[in-house]
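Okay, here's what each chain looks like letter by letter:
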Amino acid sequence: MDVFIEKLHVKDAEDLYKFELENRTFFEEMVPTRGDDYYNPEIFKKRHESLLEEQVQGGSYFYLIKDKDSSILGRINLVDIDKFQKIGHLGYRVGQAHTGKGIANKALKLLLETITDKEINQIIAKTTTNNIASQKVLEKNGFDQVATSDEEFEMNGQNFNFVYYTLSIRG
């Protein structure tokens, strides 16, 4: 399957909202919930506008993972960019219907190629101990596991820890 990443735009708000809503239950099995407010259409729209402004300011880069028909398969972001230390934090999610097809892996490769002109020397990522697929994606793309949090958190009636990864790009 051909996969592309495209920077987030104003026009994406409605399709992105549908994508998030359709995949809410699935996502919340692997990552802590974003809360009910996130799925309120008006709040989502305002948040989308806020993300676009953050992107313009260079504090984050937000991308949609799309197929050849421009359908949203997932999202991949580099956020909370520390311009002084040149560090960004990675986040991504792939819709339930598209898991197990190598989409996250391809999207991460594309993101790493896309940011070569950005002033980023290191990328930090975290996932949950139960998200083995995400751990594999990070490791396939050269990330090193650097720590597992001692602090547990409860999600869906089970206790988990965060697993932390880094990738040095240059420097």
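First things first, this report covers the structure right here in the doc. (Residues numbered from 1 in each chain as written. Predicted model: local features only at pLDDT ≥ 70, side-chain atom pairs only at ≥ 80, totals over all residues. Heavy atoms only, no water.)

Turning to the overall build of the protein, a few remarks are in order. Counting its regular elements, the protein contains four helices and nine strands. When its helices and strands are written in sequence order, the protein yields β-α-α-β-β-β-α-β-α-β-β-β-β. For the protein, the C-alpha radius of gyration of 16 Å lies close to 16 Å, the compact-globule estimate for 171 residues. For the protein, the C-alpha atoms occupy an extent of roughly 40 × 40 × 35 Å along the three principal directions. Within the span of the protein, comprising 171 residues, buried residues form 44% of the whole. Long-range pairs, those at least 24 residues apart, make up 61% of the contacts in the protein with a sequence separation of at least 6. As displayed, the protein offers around 9,600 Å² of accessible surface, 49% of which is attributable to carbon and sulfur atoms. Distance between charge centroids for the protein: 5 Å, based on 22 positive and 28 negative side chains. (Helix = DSSP H or I, 4+ residues; strand = E, 2+ residues; numbered from the N terminus. Rg over C-alpha atoms; globule rule 2.2 N^0.38 Å. Buried < 20%, exposed > 50% of the residue type's maximum accessible area, 1.4 Å probe, protein only. Contact = heavy atoms within 4.5 Å. Areas by Shrake-Rupley, 256 points an atom, 1.4 Å probe, with all protein chains shown as cover. Lys, Arg positive; Asp, Glu negative; His and termini not counted. Charge placed at Lys NZ, Arg CZ, Asp CG, Glu CD.)

The next point concerns helix α2 (residues 41-56). In an α-helix, one turn spans 3.6 residues, which is why side chains three or four residues apart end up on the same side. Helix length check: α2, at 16 residues, gives a terminal C-alpha distance of 23 Å against a target of 22 Å (1.5 Å per residue), a fit within 8%. Phe 44, His 48, Leu 51, Leu 52 and Gln 55 are the residues of α2 that are buried. Seen from one end, α2 has its buried residues packed into an arc of 100°, which puts them on one side. Counted as exposed and oriented over 90 degrees from the buried face of α2: Lys 46 and Val 56. (Expected span 1.5 Å × (residues − 1). Arc of directions from axis to C-beta.)

At a minimum axis distance of 9 Å, the contact between helix α3 (residues 103-114) and helix α4 (residues 132-140) shows a crossing angle of 35°. For the pair α3 and α4, the sense of crossing is right-handed. Each of Ala 104, Asn 105, Leu 108 and Lys 109 in α3 lies in contact with α4, whose residues at this interface are Val 137, Leu 138 and Lys 140. Class assignment for the residues of the contact of α3 with α4 results in four nonpolar, one polar and two charged. (Axes fitted to C-alpha atoms, helices over the stretch in contact; angles between N-to-C directions. Left-handed = near helix turned anticlockwise from the far one by under 90°. Nonpolar A, V, L, I, M, F, W, Y, C, P; charged D, E, K, R; others polar.)

Moving on, we get to unusual backbone geometry. Peptide bonds are mostly trans, and most non-glycine residues show a negative phi. The phi torsion at Ser 70 lies on the positive side, around 70°, for a residue other than glycine. Even without glycine at this site, Lys 86 takes up a positive phi of about 60°. Along the chain, the position of Lys 86 falls in the loop between β3 (72-82) and β4 (87-94).

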